[in-house]
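Analysis of the macromolecular model
Given next are the chains, with one letter for each unit.
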Amino acid sequence: MGNFQELITNRRSIRRYTTEEIPADSVKIILQAALMAPTSKNSRPWQFVLVEDSAKLEALAKCKEGGATPIAHCSLAIVVAVDVEASDPWIEDAAIAATYIQLQAQDLGLGSCWIQVRGRYTESDLESETYVQNLLGMPDTILPVCIITLGHPDEKRNPQNLEKLMWEKVHIGEWQER
Ligand SMILES: Cc1cc2nc3c(=O)[nH]c(=O)nc-3n(C[C@H](O)[C@H](O)[C@H](O)COP(=O)(O)O)c2cc1C
């Protein structure tokens, strides 16, 4: 087993990828991780839509006004969506699965970035959720929360700086006004 602390220290959002494909066995391991994510009442309300086709990735990158360009050039985009009727804490369920995907990708030496979909809008003011549903033929009860872009890193990011952690966010025993 690798070192988890090292994994999370080194994980940074990677937005540039090489054209190298992600091996099928790595994709399987990433999906296994997503499917093992904990959910409220074990409801497992998520759905994962994988997109690799470059024309579709380009279209997906237009799902919101800014901050979605990594989608256009990634090797694989995983749309993390949830059945909003299957779990009331569906946002948390989806967010944990998305995080598992990112951490598993990191462990496989891949880069990833979370692209927010829920609550965002396209350039023409359409809800990003609706845009993604329409593009991928998804039913309207299945809400896309985010898209995780994946690929072999084509940029170098510094690891987290342990010296710069915001310890003032931590309150011991009771709230400390700072
Ligand atoms: C809920 C959430 C939404 C995010 N949305 C986007 C996004 O739409 N586009 C993007 O490029 N990065 C997005 N990110 C990545 C953050 O910008 C990034 O995690 C943050 O700047 C910290 O950098 P790091 O991941 O390299 O540590 C998002 C991250 C989270 C957790």
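This is a predicted model, so every value here is computed, not measured.

To continue, consider the sheet that holds strand E2 (residues 76–83). Spatially, E1-E2-E4-E3 is the arrangement adopted by the four strands of the open sheet, whose pairing is antiparallel. The strands lining the two open edges of the sheet, one partner per strand, are strand E1 (46–51) and strand E3 (111–116). This sheet shows a mean twist of 25 degrees between the axes of neighbouring strands, independent of strand direction. With respect to the sheet, helix H2 (residues 24–35) is in contact with E1, E2 and strand E4 (142–151), its orientation differing from that of E1 by roughly 160 degrees. Running over the sheet, helix H5 (residues 90–107) touches E1, E2, E3 and E4 and is turned about 10 degrees from E4.

Attention now goes to the packing of H2 against H5. With their axes 8 Å apart at the nearest point, H2 and H5 run at an angle of 145 degrees to one another. When the axes of H2 and H5 are compared, the crossing they make is right-handed. Facing Ile29, Ile30, Ala33 and Ala34 of H2, the residues of H5 in contact are Ala97, Tyr100, Ile101, Gln104 and Ala105. Split into classes, the residues belonging to the contact of H2 with H5 amount to eight nonpolar, one polar and no charged.

The terminal C-alpha atoms of H5 lie 26 Å apart, and with 18 residues this matches the ideal 26 Å at 1.5 Å per residue to within 8%. All of the buried residues in H5 are Trp90, Asp93, Ala94, Ala97, Ala98, Ile101, Gln102, Leu103, Gln104, Ala105 and Gln106. Residues of H5 that are buried sit in contact with helix H1 (4–10), H2, E1, E2, E3 and E4. Looking one or two residues beyond H5, the residue adopting positive phi is Gly109, at roughly 80 degrees.

Here we take up the pairing of E2. In terms of burial, E2 is largely enclosed, as seven of its eight residues are buried. Here six bridges tie E1 to E2, and the two strands are oriented antiparallel to one another. In the sheet register, Trp46 faces E2, and the bridge partner there is Val82. As paired strands, E2 and E4 are joined by eight bridges and run antiparallel to one another. From the neighbouring strand, Asp83 faces E4, where its bridge partner is Ile142.

We now examine H2. The terminal C-alpha atoms of H2, which comprises 12 residues, lie 16 Å apart, in line with the 16 Å expected from a rise of 1.5 Å per residue. Of the residues making up H2, those classed as buried are Ser26, Val27, Ile30, Ala33 and Ala34. Projection of H2 onto a plane perpendicular to its axis shows the buried side chains occupying an angular sector of 120 degrees, all on one side. Of the exposed residues in H2, the ones pointing more than 90 degrees away from its buried face are Ala24, Asp25 and Lys28. Looking at the packing, one finds that the buried side of H2 touches E1, E2, H5 and E4.

This paragraph deals with the environment of Lys156. By the element assignment, Lys156 lies in the segment after E4. Given the relative accessible area of 81%, Lys156 is considered exposed. Between the alpha carbons of Lys156 and Arg12 there is a distance of 9.3 Å; along the sequence they are 144 residues apart.

Moving on, we come to the site of the ligand. Every residue lining the ligand is accounted for by Arg11, Arg12, Ser13, Arg15, Lys64, Gly67, Cys113, Trp114, Ile115, Gln116, Arg157 and Gln160. Contact between the ligand and Lys64: an oxygen atom at 2.4 Å from a side-chain N or O atom of the residue. Contact with the protein chains hides 61% of the accessible area of the ligand, taken as 620 Å² for the molecule alone. Grouping the constituent residues of the shell around the ligand by class yields three nonpolar, four polar and five charged.

Rules and cut-offs
Residues numbered from 1 in each chain as written. Predicted model: local features only at pLDDT ≥ 70, side-chain atom pairs only at ≥ 80, totals over all residues. Heavy atoms only, no water. Pairing = 2+ DSSP bridges. Helix = DSSP H or I, 4+ residues; strand = E, 2+ residues; numbered from the N terminus. Axes fitted to C-alpha atoms, helices over the stretch in contact; angles between N-to-C directions. Contact = heavy atoms within 4.5 Å. Left-handed = near helix turned anticlockwise from the far one by under 90°. Nonpolar A, V, L, I, M, F, W, Y, C, P; charged D, E, K, R; others polar. Expected span 1.5 Å × (residues − 1). Buried < 20%, exposed > 50% of the residue type's maximum accessible area, 1.4 Å probe, protein only. Arc of directions from axis to C-beta. Near = heavy atom within 4 Å. Polar contact = N/O pair within 3.5 Å; in protein donor to acceptor, adjacent residues only side chain to side chain. Areas by Shrake-Rupley, 256 points an atom, 1.4 Å probe, with all protein chains shown as cover.

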